[in-house]
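So the chains spell out like this:
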Amino acid sequence: MTSRVVDTPHGPARAELHCASDSRAALLLGHGAGGGIDAPDLVAATRAAVDVGVHVALVEQPYRVAGRRAPAPANQLDAAWLAVADALGETWFGDLPLLFGGRSSGARVACRTSAEGQAVAVLCLAFPVHPPGKPEKSRMAELDGVEVATLVVQGENDPFGRPEAAHHRDVVLLPGDHNLKADVGAVGRAVGEWLDRVLRPLEV
């Protein structure tokens, strides 16, 4: 594991790099709004990805690196994320296919930036469909806007809602709520199997 500070338009971000023995692809994973990269589902996803030959960069947004808990506005999160993706693509990941992902707020960032960042697939852990108790404030447009293969791993009792499967979007429902702590082994299995499946056609 290697840690790297990356300059962005909104201050330094940090990337924790986990390298796989194979080099099939690279996955950038972002954290939730008030949490860090040590969230159990992010740790499980990282291990699963490395096990199937995918390098992982766990990305800490600039506001977290600066010690703030309140998240930055969406446009700043997206710009910082893309800056990290560009920097790591140039210095670490080379010509490898790039996947975007994250949990909760980080999943929203991955969805919004997937086209501009040329991600080949998107991984969403606990995508927050709407604020708890406010289904009228839907964020589904962000998820529906993704045009590449997508996996959503969601708790069955997530108060932030539950997306439906759709064209090129798989949804895996697991016991538990928004933190996905109830069965982190199942999170890892879902992520590993999906990564192996979506990457295979790219290797032909």
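- Naming follows an unreviewed UniProt entry, where the protein appears as KANL3/Tex30 alpha/beta hydrolase-like domain-containing protein of Saccharothrix texasensis.

### Examining the pairing of strand 1 (residues 2-6)
Here's step 1: Of the pairings in the sheet, the one linking strand 1 to strand 2 (residues 13-18) comprises five bridges and is antiparallel in character. Bridging from a neighbouring strand, Val6 pairs with Ala13 of strand 2.

### Focus: the pattern of salt bridges
Note that side chains of opposite charge can pair when their charged atoms are close.
Here's step 1: Throughout the structure, instances matching the rule amount to nine salt bridges.
Here's step 2: Ionic pairing is found between Arg103 and Asp41, a salt bridge with its closest N-O pair at 2.4 Å. Of the two residues, Arg103 is situated in strand 5 (residues 98-103) and Asp41 in helix 1 (residues 40-51); the sequence distance between them amounts to 62 residues. Note on accessibility: Arg103 and Asp41 belong to one class, buried.
Here's step 3: Two residues, Glu142 and Arg108, come together in a salt bridge whose shortest N-O distance is 2.7 Å.

### Here's the deal with the packing of aromatic side chains
Here's step 1: For the structure on display, the rule yields one aromatic pair.
Here's step 2: Ring plane angle 85° and centroid distance 5.5 Å describe the contact between Trp81 and Phe100, whose orientation is recorded as edge-to-face. Residue Trp81 is found in helix 3 (residues 74-93), and its partner Phe100 is found in strand 5; the two are separated by 19 residues along the sequence.

### Notes on the UniProt feature "domain: KANL3/Tex30 alpha/beta hydrolase-like" (unreviewed entry) in the protein
Here's step 1: UniProt's entry tags residues 24-169 with the feature "domain: KANL3/Tex30 alpha/beta hydrolase-like" (unreviewed entry), counted in the numbering of this structure.
Here's step 2: Along residues 24-169, the helical share is 34% and the strand share 22%, with 21 Å between the first and last C-alpha atoms.

### Side note on the side chain of His55
Here's step 1: Structurally, the position occupied by His55 is in strand 4 (residues 54-60).
Here's step 2: Relative accessible area serves as the criterion here: at 9%, His55 is assigned to the buried category.
Here's step 3: Engagement of the side chain of His55 in a polar contact is seen with the side chain of Ser23, the distance being 3.2 Å.
Here's step 4: Not counting residues up to four positions away in its chain, the partners in contact with His55 are His18, Cys19, Ala20, Asp22, Ser23, Ala25, Ala26, Leu27, Phe93 and Leu96.

### Here we look at the sheet that holds strand 7 (residues 149-155)
Here's step 1: In spatial order, the strands read 1-2-4-3-5-6-7-8; together these eight strands make up an open sheet with mixed pairing. Every interior strand has two partners, whereas the edge strands, strand 1 and strand 8 (169-174), have only one. Shown here is a sheet whose adjacent strand axes are inclined to one another by a mean of 20°, direction ignored.
Here's step 2: Sheet strands in contact with helix 4 (residues 105-113) are strand 3 (25-30), strand 5 and strand 6 (121-125), and its direction is about 150° off that of strand 5.

### Remarks on the environment of Asp22
Here's step 1: Within the fold, Asp22 resides in the loop between strand 2 and strand 3.
Here's step 2: The partly exposed category is assigned to Asp22, whose relative accessible area is 45%.
Here's step 3: Sequence separation of Asp22 and Asp38 is 16 residues, and the distance between their C-alpha atoms is 24 Å.
Here's step 4: Not counting chain neighbours up to four residues away, the residues in contact with Asp22 comprise Gly53 and His55.

### Overview of unusual backbone geometry
Here's step 1: Although it is not a glycine, Gln118 sits at a positive phi angle of roughly 55°.
Here's step 2: With respect to the helices and strands, Gln118 occurs in the loop between helix 4 and strand 6.
Here's step 3: Phi is positive for Ala126, which is not a glycine, with a value near 55°.
Here's step 4: Within the secondary structure, Ala126 is located in the loop between strand 6 and helix 5 (140-144).

### A few points about empty space enclosed by the protein
Here's step 1: Counted according to the given criterion, the structure contains one cavity of 30 Å³ or more.
Here's step 2: Reported here for the largest cavity is a volume of approximately 50 Å³.
Here's step 3: Lining the largest cavity are Gly30, His31, Gln61, Tyr63, Leu77, Trp81, Ser105, Gly106 and Val109.
Here's step 4: Elements that contribute at least two residues to the lining of the largest cavity include exactly helix 3 and helix 4.
Here's step 5: Of the residues forming the lining of the largest cavity, the biggest block, three residues, is contributed by helix 4.
Here's step 6: Here the residues of the lining of the largest cavity are counted per class, giving four nonpolar, five polar and no charged.

Thresholds, definitions, all that
Residues numbered from 1 in each chain as written. Predicted model: local features only at pLDDT ≥ 70, side-chain atom pairs only at ≥ 80, totals over all residues. Heavy atoms only, no water. Pairing = 2+ DSSP bridges. Helix = DSSP H or I, 4+ residues; strand = E, 2+ residues; numbered from the N terminus. Salt bridge = Lys/Arg side-chain N within 4 Å of Asp/Glu carboxyl O. Buried < 20%, exposed > 50% of the residue type's maximum accessible area, 1.4 Å probe, protein only. Phe/Tyr/Trp six-rings, centres within 6.5 Å; stacked < 30°, edge-to-face > 60°. UniProt positions renumbered as here; feature names shortened; annotations may be inferred. Polar contact = N/O pair within 3.5 Å; in protein donor to acceptor, adjacent residues only side chain to side chain. Contact = heavy atoms within 4.5 Å. Axes fitted to C-alpha atoms, helices over the stretch in contact; angles between N-to-C directions. 1 Å grid on protein atoms, 1.4 Å probe; cavity = no way out; pocket = protein on both sides within 12 Å on 5 of 7 lines; lining within 4 Å. Points joined across faces, edges and corners; volume = space filled by probe spheres on them. Nonpolar A, V, L, I, M, F, W, Y, C, P; charged D, E, K, R; others polar.

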